[in-house]
Amino acid sequence: MKKKRLLIVLVVFVLVVLLVGLVRKRRKELAGMPPPASFSAVVKVVPVQRGTLNVTVKYLGEIVPVTEYSVASKVTGFIENIFTDEGHRVEKGDILVKIDDREIRDKISSLEARIEATKSNIAALKSKIPGLKSAVNTAKGIFGRNKVLYKNKAIGREELDISKKNYELALSELTATINSISSLKSTVTSIEAEKSSLEVLLSYTRIEAPFSGIVSQRMLSSGDLVVPGKPILKIIAPQDGAKVVVRMSPEDQVKMKIGTPVKLKFNGKVKYSFVSSVYPGTSSNNLGLVNILCKNSPFDLPFHTRLEVELVTESMSGMLAPVSCLLRRGDKNLVIRVDTKNEAEVLAVDLYGMNETLFCFSNPKIKIGDRLASGRESRLMRIFTGQKVEVVK
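Every chain's residues receive numbers from 1 upward, in the order its sequence appears when written. Residue-level local features of this predicted model are given only where pLDDT is at least 70; pairs of side-chain atoms are given and counted only at 80 or more, and the full residue set underlies all totals for whole chains, interfaces and linings. Each side-chain value is derived from all of the structure's non-hydrogen atoms; neither hydrogens nor water enter the calculation.

Visitor: What is the right way to look at the overall build of the protein in this model?
Guide: Helices and strands together make up the secondary structure of the protein, namely five helices and 23 strands. Over its C-alpha atoms, taken along the principal directions, the protein stretches across nearly 190 × 70 × 45 Å. For the protein, buried positions account for 33% of its 393 residues. By the convention used here, residues are in contact when the closest approach between their heavy atoms is within 4.5 Å. For the protein, contacts bridging at least 24 residues in sequence account for 76% of all contacts bridging at least 6. Exposure was quantified through the Shrake-Rupley algorithm and a 1.4 Å probe, taking into account, for residues, occlusion by the shown protein chains and nothing else. Carbon and sulfur atoms make up 55% of the accessible area of the protein, which totals about 24,700 Å². Think of it this way: Lys and Arg go in the positive column, Asp and Glu in the negative one, and His and the chain ends go nowhere. The location of each charge is read from NZ of Lys, CZ of Arg, CG of Asp or CD of Glu. Side chains of the protein give 61 positive and 40 negative charges; the mean places of these two sets differ by 13 Å. Helix numbers and strand numbers start at the N terminus; a helix is a DSSP run of H or I with at least 4 residues, a strand a run of E with at least 2. Each residue is placed in one exposure class: buried if its accessible area under a 1.4 Å probe, protein chains only, is under 20% of its type's maximum, exposed if it is over 50%, and partly exposed if it falls in between.

Written out as structure tokens, the structure is:
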């Protein structure tokens, strides 16, 4: 048993000696190897410039026609016919829609018959006037003569009263006839006014194009019921130009002014323009409205296409550099200045504003013309103050 323990101890001792020897040998090999090369940063540099920076915001805008009209009926009825369709060109005055007008025409015919009947009654009453006037004059003469005779006691009181009553009846009949004629004339005037109103409604059953243009949308078809104000067609006038409508937050809208520079973008294409009008938010979402007038639809796009709109919110002057030079560590904005000996210095800067390509900043240690390291932020983050860098073009 003692021999077995001694053998185990001996084996362990030999293994330890061998392990120590291997470790010492590896240390000598490593000591004889050359030291690894230190990290060498390869950067591009750009000079700091003085200039003006335009700070911008981006929104989606919608291309709409400057002139767009909703064709709607002013009367209630069924559509008899629509003489055009989407994409068709129309000229000013063309008949676009016909509303069924039979009910209105029937009412007009009925009123015309009433007018004719009333005028006939007036004519009949007028024909009686001469006879009634003659009867009044005759009765008046008799009554006047009887008054003289009665005064001279040539006739009795009863005969005088009869002549007086006959005169009053004749005068009353004449007056009633004249009043009836006047009343019937008023009736004719009233009926003719009602007829005129119906004729106006009748004219509304034929809807004409208010200007020359193109039908952009058709919402109803023949046989559909229309009510006043319900759109049937939409017409646009491409010759009047287009505008890009942008709805934006109140914070950005208050910075917009007429003449503010604008960049329109679509599929890599760019067009420059400016703000033509600004309207504060009035809708429930409180978004402001900015219009950009264009002679034609930008990039020849169809109306109601959406495109990217970049608008300048403010301009500032100072030291400028590409955004590829800017580093962010926490709440600090940093740049790396490279001196003439290609030695790096990490400096904090005050950031005033930036856009897609440039940022405006200040630091008393940085002058116009100083070189700043440019590149991917992940690579620039590895550079420290005092490090030598390799500058490439």
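Visitor: Even after reading the chapter, I still don't get unusual backbone geometry, so can you show me in this structure?
Guide: Most peptide bonds take the trans configuration, and most residues that are not glycine carry a negative phi. Here the phi dihedral of asparagine 267 falls at roughly 50°; this positive angle occurs in a residue that is not glycine. In this structure, asparagine 267 sits in the loop between β12 (261-266) and β13 (269-274). You can call asparagine 267 exposed: its relative accessible area is 70%.

Visitor: Quick question: what am I supposed to make of the packing of aromatic side chains here?
Guide: For any pair of aromatic rings, the description consists of the separation of the ring centres together with the inter-plane angle of the planes. What counts as a ring pair is set by centres within 6.5 Å for rings of Phe, Tyr and Trp (its six-membered ring), and what kind of pair is set by the plane angle: stacked under 30 degrees, edge-to-face over 60, tilted for all other angles. In this structure the tally under the stated criterion is four aromatic pairs. Ring geometry for phenylalanine 143 against tyrosine 167: centres 6.2 Å apart, planes inclined by 10°, an arrangement best described as stacked. Placement of phenylalanine 143 in helix α2 (residues 102-151) and of tyrosine 167 in helix α3 (residues 157-204) is noted, with a sequence separation of 24 residues between them. Residue phenylalanine 143 shares its accessibility class with tyrosine 167, and that shared class is buried. Here the basic side chain of arginine 157 rests over the ring of tyrosine 150, its NZ or CZ set 5.4 Å away from the ring centre. Working rule: Lys NZ or Arg CZ, within 6 Å of ring centre, within 35 degrees of ring normal, means a charge sits over the ring.

Visitor: In this structure, what is going on with the environment of lysine 341? I would like to understand it.
Guide: Mapping lysine 341 onto the fold places it in the loop between β18 (332-338) and β19 (344-348). Its relative accessible area of 62% is what places lysine 341 among the exposed residues. Residues lysine 341 and isoleucine 235, 106 residues apart in the sequence, show an inter-C-alpha distance of 70 Å.

Visitor: In this structure, what is going on with the sheet that holds strand β3 (residues 68-72)? I would like to understand it.
Guide: The strands that make up a sheet pair up through hydrogen bonds in the backbone, lying either parallel or antiparallel. Pairing between two strands requires that DSSP report at least two bridges joining them. Strand order across the open sheet formed by four strands is β3-β10-β8-β5, with antiparallel pairing between neighbours. Either end of the sheet is taken by a strand with one partner, and the two such strands are β3 and β5 (89-90). Sheet analysis places strand β8 (residues 213-218) next to strand β10 (residues 231-236), joined by four bridges and oriented antiparallel. When the sheet's bridge partners are listed, glutamine 217 is paired in β10 with lysine 234.

Visitor: Got a minute to help me understand a nonpolar patch on the surface in this structure?
Guide: Together, Phe78, Leu225 and Val227 give the surface a local cluster of nonpolar side chains, amounting to about 260 Å² of exposed area. In this fold, leucine 225 is placed in strand β9 (residues 225-226). Each patch is built from salt-bridge-free residues with over 30% relative accessible area, joining like charges within 9 Å and nonpolar side chains (Val, Leu, Ile, Met, Phe, Trp, Tyr) within 5 Å. The salt bridge criterion pairs a side-chain nitrogen of Lys or Arg with a carboxyl oxygen of Asp or Glu, the two atoms within 4 Å.

Visitor: Would you mind showing me how to read the confidence of the model for the protein here?
Guide: Close reading of the predicted structure is inappropriate where its pLDDT is low. The predictor's confidence in any single residue is recorded as pLDDT, a number from 0 to 100. Per-chain confidence: the protein averages 91 in pLDDT, with 93% of residues scoring 70 or above. Across the protein, strand β6 (residues 95-99) holds the top mean pLDDT of 97, while helix α1 (residues 2-32) sits lowest at 68.

Visitor: Teacher, can you tell me more about α2 here?
Guide: Think of an α-helix as 3.6 residues a turn; residues three or four steps apart then line up on the same face. Any helix carries an expected span of 1.5 Å times its number of residues minus one. Counted at 1.5 Å a residue, the expected span for α2 with its 50 residues is 74 Å, and the 72 Å between its end C-alpha atoms agrees. Note that the bend at a residue is defined as the angle between axes fitted to the seven residues ending at it and the seven residues starting at it. In α2, a bend of some 30° at isoleucine 129 exceeds every other bend along the element, and proline 130, a proline, comes one to four places later. Lysine 153 sits one or two positions beyond α2 and adopts a positive phi of about 60°.

Visitor: I keep staring at the packing of α2 against α3 and nothing clicks. Help me out?
Guide: Helix packing geometry: the angle between the two helix axes and the distance between the axes. Contact geometry of α2 with α3 gives a least axis separation of 7 Å together with a crossing angle of 160°. Between α2 and α3, the angle is such that the two are roughly antiparallel. α3 is crossed by α2, and the crossing has left-handed handedness. Any residue outside Ala, Val, Leu, Ile, Met, Phe, Trp, Tyr, Cys, Pro, Asp, Glu, Lys and Arg is labelled polar, Gly included; the first ten of those are nonpolar and the last four are charged. Classifying every residue of the contact of α2 with α3 by side-chain character gives 27 nonpolar, eight polar and 18 charged. Helix axes are fitted to C-alpha atoms over the stretch in contact, other axes to C-alpha atoms as well, and angles between N-to-C directions run from 0 to 180 degrees. An angle counts as roughly parallel when it lies under 35 degrees, as roughly antiparallel when it exceeds 145, as roughly perpendicular when it falls between 65 and 115, and as oblique in every other case. Should the near helix be turned anticlockwise from the far one by less than a right angle, the crossing is left-handed, and should it be turned clockwise, the crossing is right-handed.

Visitor: Looking at this model, I keep getting lost on the sheet that holds strand β4 (residues 77-82). Mind explaining?
Guide: Strands sit in the order β7-β6-β4-β9 across an open sheet of four strands; the sheet is antiparallel. Edge strands, defined here as strands with exactly one partner in the open sheet, are β7 (206-208) and β9. Relative to β9, β4 runs antiparallel, the two being bridged by two bridges. Following the sheet pairing, glycine 77 is matched in β9 by valine 226.

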